[in-house]
Number of protein chains: 2
Amino acid sequence: MKLKNPTPINWKFSERAEQLQSSVIREILKVTSRPEVISFAGGLPSPETFPVERMQAAFDKVLATQGKSALQYGTSDGYAPLREFLANSLSTADCKITPDQILMVSGSQQGLDLLGKVLIDEGSKILVETPSYLGALQAFSVYQPEFVSVDTDEHGLIPSSVSAKGEGARLMYALPNFQNPTGRTMSLERRIELVEICARMGIPLIEDNPYGDLCYSGEPLPKMLNMNPDGVIYMGSFSKVLTPGIRLGYVVGPTKLIRKLEQAKQAADLHTSQLTQMAVYEVIKDGFLGEHIPTIRTFYARQCQVMLDALTKFFPAGVEWTKPEGGMFIWITLPAHIDSNELLDDAIKQNVAFVPGGPFYANNPAKNTMRLSFVTVSPERINEGVEKLGKLIQARL
Amino acid sequence: MKLKNPTPINWKFSERAEQLQSSVIREILKVTSRPEVISFAGGLPSPETFPVERMQAAFDKVLATQGKSALQYGTSDGYAPLREFLANSLSTADCKITPDQILMVSGSQQGLDLLGKVLIDEGSKILVETPSYLGALQAFSVYQPEFVSVDTDEHGLIPSSVSAKGEGARLMYALPNFQNPTGRTMSLERRIELVEICARMGIPLIEDNPYGDLCYSGEPLPKMLNMNPDGVIYMGSFSKVLTPGIRLGYVVGPTKLIRKLEQAKQAADLHTSQLTQMAVYEVIKDGFLGEHIPTIRTFYARQCQVMLDALTKFFPAGVEWTKPEGGMFIWITLPAHIDSNELLDDAIKQNVAFVPGGPFYANNPAKNTMRLSFVTVSPERINEGVEKLGKLIQARL
C-alpha cells in the first residue's frame, strides 16, 4: 500500500523555527562523550550527589499506595501537596507565598519557554545579562524578541544599566546566584536596587535560581521574589539539588501571570508527570533537602577549590577567572586576541573540552571567554586537564 | 527588605497568549469531580486498565540497576533503546522506520505543540477535521493559524474536500482511528486517497493515533505513515495503552523534520524524563503490550455496548449517535434546535455531565452535538446517566 514515488515534501518551516539552532553545548557534549576526554564542558550535576536509593523508595511507595492516581492524568497547575510545600518553603516573615502562585513545570527550561510564549511578541525588547544563560537565550529566541544586553561587572548585573536601557522592555531575565556561565553572585544591595528599578519601570523581573542553594559557605542571599512578589517571577528547579533526569521545576509569580502560564502549559503538554511530582514530594516532605544539600555544597566547594588551585598553578599570566562562592562554573577571560573556539579545537585533539564563551552573549560575543565546569571530573583529572589547557593558552600568547 | 507599595505591574501578555483559553473540558472536569456526578465528560482512560504493579516493578528495577543514568540529564531525541523498539514496531514489510525518525515527547500533546511551533506562521492555512480534537485546536491556535475545516461524514474525513480546500495549506491534521470526539474511523480506501492527495499537494499529513490499538475486534487498519513515510507525521502515545499520568508519547517523521522538532524540544524542555522512558522500555520490551492491550479492548468494548444499548433504550427518536468500533467516545447529534450547552446546565443539576460538541469545531460549531465517554463509569451508572439525559432531551423536543 506504499505510494510509488510520491512527490517529496518541500518542507517549509515557520520563521521562528528557521532560526532555531541546536545548543552549542549539546553539540560539544556529543563530541566529548568519549571516556578518555576530560570534559569541563558539561552543565551536568555530579551523579555522585544523586540520592538514588531515596528516589527508588519514593517511587516504590507512591506506586504501592497511590498507584492509580499517580498514573492518571493530573491537573495542569501541578500536584497540590507539592505546591503547598514549596509555597511554605518560599515564604518569609513579611512575604507569604501561596500554592496558587506556583506552576509546576517539566524542568525550569519549560518555565523559560512558557514565559517566552506568554510575554514575548515578535520584536519585543527583553533584557538579559552580559553574558547570560544559553538555555534562556535559546528558549526566548523562539519568540523572536530584540535582546538588549545589560552591563555587568565582577559583582554581576549593574542595575543602573537597566534604568539606562530598559524603557519599554517586556522582561528582565537575571540569574543572581552563581550565575551560569560566570559563577558570579549579585550583591544584596544590587538585588534591592534591581527590584526597585524594575518595579518603577514596570518591567517583570525573572529571577532564575537553579544554583542558589549550592552556596559553599553561609546562607543564600534573600530572594528578589520576596522583595516584590507582585513584580518578580521566580524559577526553581530540582535538577541541581535532587536529580535532573526527572525534569521537574516550578515557576512562582503573581496569580494573574500564573493562570496565563497554566493555560499555556495545558496547550504545551497538559501537565507534568503526576508520578514524578508525587515521588519528589515523598522524598522532600520531611525535610530531606535540609540534610542532603549541605553534602552537595561540601563536595562542589572542594571540587571548585581544586580547579582554582590548578588554574593558579597552570594558567599563564594575563588570564583571569572568577572565584565562585557556589554553583558549578568558573568563567575564564583570556587575553583579548585568543579565540576560545580555536583553543577548543586544539584542546579536543588533546582530549580536553570546555564551552567557548561566545554563545552566552545575546549581542557582541566576547570570543576570548570560556566556561569551565568542575563538578563531574575527579581532582586528578581536573589538574591534568587544566595543565593541558594552560600549555595550549601559553602557546598562543 | 520587601518593597513598600511598589507600582503594580500592568501585565502585558503576548498576542498569542491573549487568545489562549483554558480547555472547556478541563473546566467542566473541575465542576464534575464530585463523586455523586455521573460524568461522561472525561477523556481519561479507565484506571482499571493501569498495570500498576508492572510499572512499580519497572521503576524499581531501573532505579536499582541504572539509577544514576536514569536520574541524569538525557538526550533531547529520547532514550535510544525505546526509540529502537518503537521503530521496529512501526516498520512494515515495505516500509522500514529507523530510530532517527523518532522523537520522544512529554505526551503527544507536546508533539502537537512542537509541530505547531515549527510548521505554523501567523496566518498559515492549516486543515483540520470537522469536528476535530480539541487539544490539537488548542495547541495549534497558540501559533495563530487560519483553520480550514475539512468536510467529514460517517466514515470520517472526505479526502476530496482536501483537494478542494487545501491549496497552500501548511499541514493536514487527522485522527483516523476512533476519532476524538466522534469515535469515527476512516476507511482504508479513504486513507490511501488522503495520503495520495496530500503528497500530490505537498501538504504534510499529521496522523494522530492515540486510540488506534483500542479496536474492539479484528486488527487496526494500516497506518498512513507506512503508505508515505516521507510525507506523513505520525503521533503515538502511551496514555491509552499503558498510563497517561507519566506523560510519554512520540512523533515519527522524515529526519529533516524530526531534527528541527528536536531543536524545538531542546528549547522547550531539554528532554523527556529519562527515568520514565527507561521504565516504560522495561515494561514493554518483552512484548507486554501484546497481552495487555487485548484486555483493554475487551473492557472498553463491553462498556461501549452498555452505553449503545442504553442510548437505544432511553434516547428519543430524532437523536443520532455514532457506533464506534474502538476507542473511548460516542458522538451524539441532537435535533438541530437543541443546544447542548443548555442541556449540560440541566444535566449538571441532575448530577450528569458530558462535553458539549461546539468547542471541537474550528469553525461554525454545531451546537446540537455532544461527546460521551463510556470508559470510566460503571454499567449501572451508564444506564442511570443515559436515562436522565434521555428525559432531559425529551423535555426539549
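Residues numbered from 1 in each chain as written. Chains lettered and ligands numbered in written order. Predicted model: local features only at pLDDT ≥ 70, side-chain atom pairs only at ≥ 80, totals over all residues. Heavy atoms only, no water.

*Asks:* When you look at the packing of aromatic side chains in this model, what are you seeing that I'm missing?
*Replies:* Each aromatic ring pair is characterised by the separation of its centres together with the angle its planes make. Residue and element names in this part refer to chain A. Counted under the stated rule, the structure contains 20 aromatic pairs over all chains. Pairing F299 with Y300 gives two aromatic rings, centres 5.8 Å apart and planes at 40 degrees, and the pair type is tilted. Pair check on accessibility: F299 and Y300 agree, each one buried. Through a chain of ring-to-ring contacts, the aromatic side chains of Y79, F85 and Y281 assemble into a single cluster. (Phe/Tyr/Trp six-rings, centres within 6.5 Å; stacked < 30°, edge-to-face > 60°. Buried < 20%, exposed > 50% of the residue type's maximum accessible area, 1.4 Å probe, protein only.)

*Asks:* Is there a simple way to think about the domain arrangement of chain A in this case?
*Replies:* It is common to report an interface's size as the accessible area lost on association of the parts. Residue and element names in this part refer to chain A. Taken as a whole, chain A is organised into domain 1 (20–49 + 290–396) and domain 2 (52–286). One C-alpha centre belongs to domain 1, the other to domain 2; they are set 25 Å apart. Counting residues at the interface gives 31 residues for domain 1 and 31 residues for domain 2. Where domain 1 abuts domain 2, roughly 2,600 Å² becomes buried across the two surfaces, and 63% of that area is made up of carbon and sulfur atoms. Counting the contacts that link domain 1 with domain 2 gives 10 residue pairs in polar contact (both at pLDDT 80 or more). Mapped by element, the contributors of at least two residues to the side of domain 1 that touches domain 2 are α11 (288–314) and β12 (329–333). Tallying contributions element by element places α11 first for the side of domain 1 that touches domain 2, with 7 residues. The residue makeup of the side of domain 1 that touches domain 2, split by class, is 18 nonpolar, 10 polar and 3 charged. (Domains from an automatic or database assignment. Contact = heavy atoms within 4.5 Å. Buried area = accessible area lost by both parts, 1.4 Å probe. Polar contact = N/O pair within 3.5 Å; in protein donor to acceptor, adjacent residues only side chain to side chain. Helix = DSSP H or I, 4+ residues; strand = E, 2+ residues; numbered from the N terminus. Nonpolar A, V, L, I, M, F, W, Y, C, P; charged D, E, K, R; others polar.)

*Asks:* Just checking my understanding: could you explain the relation of the copies chain A and chain B for this structure?
*Replies:* Note: a rotation about an axis with an accompanying shift along it relates these two copies of the chain. It takes a turn of 180 degrees to lay chain A on chain B, together with a shift of 0.0 Å along the axis; the resulting RMSD is 0.0 Å. Accordingly, the operation relating the two chain copies is best matched by a two-fold axis. The overlap is high: 100% of the interface residues of chain A also sit at the interface in chain B, so the same surface is used on both sides. (Least-squares fit on C-alpha atoms with pLDDT ≥ 70 in both.)

*Asks:* Help me understand the packing of helix α5 (residues 108–119) of chain A against helix α9 (residues 255–269) of chain A, please; the structure alone is not making it clear to me.
*Replies:* Describing two packed helices takes the angle between their axes plus the distance from one axis to the other. All names here are of chain A. One can describe the packing of α5 onto α9 by two numbers: an axis separation of 10 Å at closest approach and a directional angle of 110 degrees. Between α5 and α9, the angle is such that the two are roughly perpendicular. Contacts between α5 and α9 involve Q110, L114, L115, K117, V118 and L119 from the first element and L257, K260, L261, A264, K265, A268 and D269 from the second. Among the residues forming the contact of α5 with α9, the class breakdown is 8 nonpolar, 1 polar and 4 charged. (Axes fitted to C-alpha atoms, helices over the stretch in contact; angles between N-to-C directions. Parallel < 35°, antiparallel > 145°, perpendicular 65-115°, else oblique.)

*Asks:* Looking at this structure, how should I read the sheet that holds strand β10 (residues 249–252) of chain B?
*Replies:* All names here are of chain B. Strand order in the open sheet made by the 7 strands is β2-β10-β9-β8-β7-β3-β4, with mixed pairing throughout. Only two strands of the sheet have a single partner each, and these edge strands are β2 (102–105) and β4 (146–150). Shown here is a sheet whose adjacent strand axes are inclined to one another by a mean of 20 degrees, direction ignored. Both strand β7 (residues 171–174) and strand β8 (residues 205–208) contribute to a ladder of 3 bridges, which runs parallel. (Pairing = 2+ DSSP bridges.)

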